[in-house]
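Letter by letter, the chains look like this.
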Amino acid sequence: MLNGDIDHHSSEEIRRRTDELIGRYMPSRLTLDFSQVSFCDSSGIAVVLGRYKIMKANGGTVELTGVNHQISRIFELSGIWNLVDQKEADYK
Amino acid sequence: MNILNRMQLDFQSRSVNEAFARVSVAAFVSQLDPTLEELADIKTIVSEAVTNSIVHGYARSNGCVHITVSIYENRKIRVSVRDKGVGIPDIKKAMEACYTTGSDDRAGMGFTIMQTFSDKLKVRSSPGKGTTVTMEKVLCPRS
């Protein structure tokens, strides 16, 4: 689960932590939960795209959940929904 | 058109200041009682412009990022983000979607987002002399 702001400053740590988890658990499906993300700019697009490339190279997929309207508008500009799946959050 | 209010902000080109910049601009614009979506748009375009200055403008050095926000009649705001960094050799190319001179951790969507979420975008830049990005947005009428 991601939380807070995703911008250029925070994205390096997010990438590092996520890649560490991918390397440790080698999931077939990576779910990125945006329900606790209060702000996201194009750095968030890069985070998702980078993780998509890693997962695809390992034969896996990526899904996003809890994406609010504002963040979805940004993701739509990038065409990211052609690459990753969107899922409703499992909890309120 | 008359300027009703204005603020200026200078800060070092450190990435930790990106959040400070967008929140400061949002706080200043709040006097117009924007909608939540308008506020989110403004924070986003500020974040993109400031990040460009920090990541690209000052890629090889530290410097100062200058922001000016002006409020005009008819609920128009103008945000200007200026740096004295390396400048952009080809502005048209830089504004192409997904184009970036940065590493894989950049999506190259900054200018596309600035164009989409503002009503007007102007970029002035010269190699070695820095870049000024000016964005305008007219907020919806409020009763």
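See the structure printed just above.
This text gives an overview of the structure that appears in the document. Since this is a predicted model, take the numbers as computed values, not measurements.

1. Looking at the sheet that holds strand E5 (residues 85–87) of chain A
Residues and elements named next belong to chain A.
Here comes step 1: One open sheet holds the 3 strands; their spatial order is E2-E4-E5, and the pairing between them is parallel. Each of the sheet's edge strands pairs with one partner strand only, and the pair in question is strand E2 (29–33) and E5. Strand-to-strand, the axes of this sheet are offset by a mean angle of 30°, without reference to chain direction.
Here comes step 2: Sheet topology note: the strand E4 (residues 61–65)/E5 ladder contains 3 bridges and is parallel. Counterpart to Glu63 in the pairing with E5 is Asp85.

2. Structural notes on the interface of chain B and chain A
Here comes step 1: In this complex, chain B contributes 23 residues to the contact, which on the side of chain A involves 17 residues.
Here comes step 2: Along the contact surface separating chain B from chain A lie 4 salt bridges.
Here comes step 3: A salt bridge links Arg22(B) to Asp5(A); the nearest nitrogen and oxygen atoms lie 2.9 Å apart.
Here comes step 4: Counting across the chain B and chain A interface gives 11 residue pairs in polar contact (both at pLDDT 80 or more).

3. A word on the side chain of Arg75(B)
All names here are of chain B.
Here comes step 1: Mapped onto the elements of the fold, Arg75 is located in the loop between strand E2 (64–72) and strand E3 (76–83).
Here comes step 2: Within the buried core, Arg75 has no salt-bridge partner, and the shortest N-O distance to an opposite charge, that of Glu38, equals 4.6 Å.
Here comes step 3: In this structure, Arg75 is in contact with Leu32, Asp33, Pro34, Lys137, Val138, Leu139, Cys140, Pro141 and Arg142, ignoring residues within four places of it in sequence.

4. Details of the sheet that holds strand E5 (residues 130–138) of chain B
Residues and elements named next belong to chain B.
Here comes step 1: Spatial ordering of the open sheet is given by E1-E2-E3-E5-E4, a layout of 5 strands whose pairing is antiparallel. If you trace the sheet from one side to the other, it starts and ends with strand E1 (3–12) and strand E4 (120–126), each paired once. When strand polarity is set aside, the average angle formed by the axes of neighbouring strands in this sheet is 10°.
Here comes step 2: In the sheet, E1 pairs with E2 via 9 bridges, with the strands oriented antiparallel. Directly across from Gln12, in E2, lies its bridge partner Cys64.
Here comes step 3: Of the strands in this sheet, E1, E2 and E3 are in contact with helix H1 (residues 17–29), which crosses E1 at around 170°.
Here comes step 4: Packing against the sheet, helix H2 (residues 36–57) makes contact with E1, E2, E3 and E5, and its axis sits at approximately 15° to E3.

5. Brief notes about the packing of aromatic side chains
Here comes step 1: Taken as a whole and judged by the stated rule, the model has 3 aromatic pairs over all chains.
Here comes step 2: Taking 5.5 Å as the distance between ring centres and 85° as the angle between the ring planes, the aromatic pair formed by Phe34(A) and Phe75(A) counts as edge-to-face. With Phe34(A) in the loop between E2 and strand E3 (36–40) and Phe75(A) in helix H3 (residues 69–78), the pair connects residues that are 41 residues apart, well separated along the chain. Each member of the pair, Phe34(A) as well as Phe75(A), is classed as buried.
Here comes step 3: When the centroid spacing of 6.2 Å and the interplanar angle of 85° are considered together, the rings of Phe11(B) and Phe20(B) count as edge-to-face.

6. Thoughts on the nonpolar core
One broad rule of soluble globular proteins: the nonpolar side chains tend to lie buried together.
Here comes step 1: Ranked by size, the top nonpolar core spans 58 residues in total, and within it Phe34(A), Leu64(A), Phe75(A), Val25(B), Ile67(B), Val79(B) and Met135(B) carry the most contacts.
Here comes step 2: The contact partners of Val79(B), leaving out residues within four places of it in the chain, are Val25(B), Val46(B), Ile67(B), Thr68(B), Val69(B), Val133(B), Thr134(B) and Met135(B).

7. Some words on the pattern of salt bridges
Residue and element names in this part refer to chain A.
Here comes step 1: Scanning all chains against the criterion turns up 16 salt bridges over all chains.
Here comes step 2: As a salt-bridge pair, Arg16 and Glu13 come within 2.7 Å of each other at their nearest N and O atoms. Residue Arg16 and its partner Glu13 are located together in helix H1 (residues 8–25), separated by 3 residues, close to a single helical turn.
Here comes step 3: A salt bridge links Arg51 to Asp19; the nearest nitrogen and oxygen atoms lie 2.8 Å apart. Here Arg51, found in helix H2 (residues 42–57), pairs with Asp19, found in helix H1; they are 32 residues apart in sequence, far enough to count as distant.
Here comes step 4: A relative accessible area of 29% means that Asp19 is categorised as partly exposed.
Here comes step 5: One salt-bridge network, in which partners are shared between bridges, spans Glu13, Arg16, Arg17, Glu20 and Arg24.

Calculation criteria
- Residues numbered from 1 in each chain as written.
- Chains lettered and ligands numbered in written order.
- Predicted model: local features only at pLDDT ≥ 70, side-chain atom pairs only at ≥ 80, totals over all residues.
- Heavy atoms only, no water.
- Pairing = 2+ DSSP bridges.
- Helix = DSSP H or I, 4+ residues; strand = E, 2+ residues; numbered from the N terminus.
- Axes fitted to C-alpha atoms, helices over the stretch in contact; angles between N-to-C directions.
- Contact = heavy atoms within 4.5 Å.
- Salt bridge = Lys/Arg side-chain N within 4 Å of Asp/Glu carboxyl O.
- Polar contact = N/O pair within 3.5 Å; in protein donor to acceptor, adjacent residues only side chain to side chain.
- Buried < 20%, exposed > 50% of the residue type's maximum accessible area, 1.4 Å probe, protein only.
- Lys, Arg positive; Asp, Glu negative; His and termini not counted.
- Phe/Tyr/Trp six-rings, centres within 6.5 Å; stacked < 30°, edge-to-face > 60°.
- Core = buried A, V, L, I, M, F, W, Y, C linked by side-chain atoms within 4.5 Å.

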